[in-house]
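# Examining the three-dimensional arrangement
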Amino acid sequence: MLQTIIDHIPSSLLHALAGALIIDLFFGSRYPFKKRLSLLFSGVLLVFTLDIPKLFGFIFTHSLLFVPIIGAGLALLMKKLVSEPLIKLWSGIMCVLFFGGILVDFLGNGAHLFYPITDRNFSYSLVRSEFELVVVLGVILALRLLLFHKKN
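Cut-off values and rules
Residues numbered from 1 in each chain as written. Predicted model: local features only at pLDDT ≥ 70, side-chain atom pairs only at ≥ 80, totals over all residues. Heavy atoms only, no water. Helix = DSSP H or I, 4+ residues; strand = E, 2+ residues; numbered from the N terminus. Rg over C-alpha atoms; globule rule 2.2 N^0.38 Å. Contact = heavy atoms within 4.5 Å. Areas by Shrake-Rupley, 256 points an atom, 1.4 Å probe, with all protein chains shown as cover. Lys, Arg positive; Asp, Glu negative; His and termini not counted. Charge placed at Lys NZ, Arg CZ, Asp CG, Glu CD. Polar contact = N/O pair within 3.5 Å; in protein donor to acceptor, adjacent residues only side chain to side chain. pLDDT = per-residue confidence, 0-100. Expected span 1.5 Å × (residues − 1). Bend = angle between axes of the 7 residues up to and from the residue. Buried < 20%, exposed > 50% of the residue type's maximum accessible area, 1.4 Å probe, protein only. Phe/Tyr/Trp six-rings, centres within 6.5 Å; stacked < 30°, edge-to-face > 60°.

## Here we look at the overall build of the chain
Each helix and strand counted, the chain has six helices and zero strands in total. Reading the secondary structure of the chain in the N-to-C direction produces α-α-α-α-α-α. The C-alpha radius of gyration of the chain comes to 15 Å, within 12% of the 15 Å expected for a compact globule of 152 residues. Overall, the C-alpha framework of the chain stretches about 50 × 35 × 25 Å when taken along its three principal axes. Within the chain, contacts between residues at least 6 apart in sequence are counted, and of these 65% link residues at least 24 apart. Accessible surface computed for the chain: about 8700 Å², of which carbon and sulfur atoms make up 74%. One way to put it: in the chain the 13 positive side-chain charges average out to a point 16 Å from where the 8 negative ones average out.

## A word on the environment of Asn121
With respect to the element layout, Asn121 can be found in the loop between helix H5 (86-107) and helix H6 (130-147). It is 20 Å that separates the C-alpha atoms of Asn121 and Leu14, two residues lying 107 residues apart in sequence. Excluding residues within four positions of it along the chain, Asn121 makes contact with Asn109, Gly110, Ala111 and His112. A polar atom in the side chain of Asn121 sits 2.8 Å from the backbone nitrogen of Ala111.

## Concerning the side chain of Ser63
Tracing the sequence through the fold places Ser63 in the loop between helix H3 (33-55) and helix H4 (67-78). Only 3.4 Å separates the side chain of Ser63 from the backbone oxygen of Leu113, close enough to count as a polar contact. The contact partners of Ser63, leaving out residues within four places of it in the chain, are Ile102, His112, Leu113, Phe114 and Tyr115.

## Comments concerning the confidence of the model for the chain
Put simply, the chain has an average pLDDT of 85, and 91% of its residues get 70 or more. By mean pLDDT, helix H1 (residues 2-7) is the weakest element of the chain at 60, and H4 is the strongest at 93.

## Concerning unusual backbone geometry
Here the bond from Tyr115 into Pro116 is cis, since omega is 10°, no more than 30 degrees from zero. With respect to the helices and strands, the residue Pro116 is situated in the loop between H5 and H6.

## Let's talk about H5
When the terminal C-alpha atoms of H5 are compared, their 30 Å separation across 22 residues agrees well with the 32 Å that a helix rising 1.5 Å per residue should span. Along H5, the helix axis deviates most sharply at Phe98, where the bend reaches about 25°. Taken as a whole, H5 has its buried residues at Leu89, Gly92, Ile93, Val96, Leu97, Gly100, Gly101, Ile102, Val104 and Asp105. Buried positions along H5 lie against helix H2 (9-27), H3 and H4.

## Re the packing of aromatic side chains
In the structure shown here, the tally under the stated rule is four aromatic pairs. Between the aromatic rings of Phe98 and Phe99, the centroid separation amounts to 4.9 Å while the plane-to-plane angle is 75°, which identifies the pairing as edge-to-face.

What follows is the structure in structure tokens.
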């Protein structure tokens, strides 16, 4: 189990940075820096809500059919953190789940995009080395935080 976790560190970093960047693009620039950091952390947690059940064999979280349902539940939970209309919050969270979670897996090792209709693992393996993408997303996120922040 420990080796599995160690093997997934680059992929997990890629998911985390993608989730944080996407939620920051949607909502981050409107909030003060401290609130924005908590929003970034929530973007990381949102992406991992798809991957943690997958560790236990539940593949439905990587299905395009379940993204709206999971997104709606997470939007209701996040409503207290973000003062945005619920439909906008739901749209942003679905983008985080789709781009930061499912698309990263689809371009890497594959995802069960149409579960439960089919059990097939679809993949379009463009990502050969996750390290470069981690660096690029990390730099983009750092630049966004440094250049586009709202003073308290």
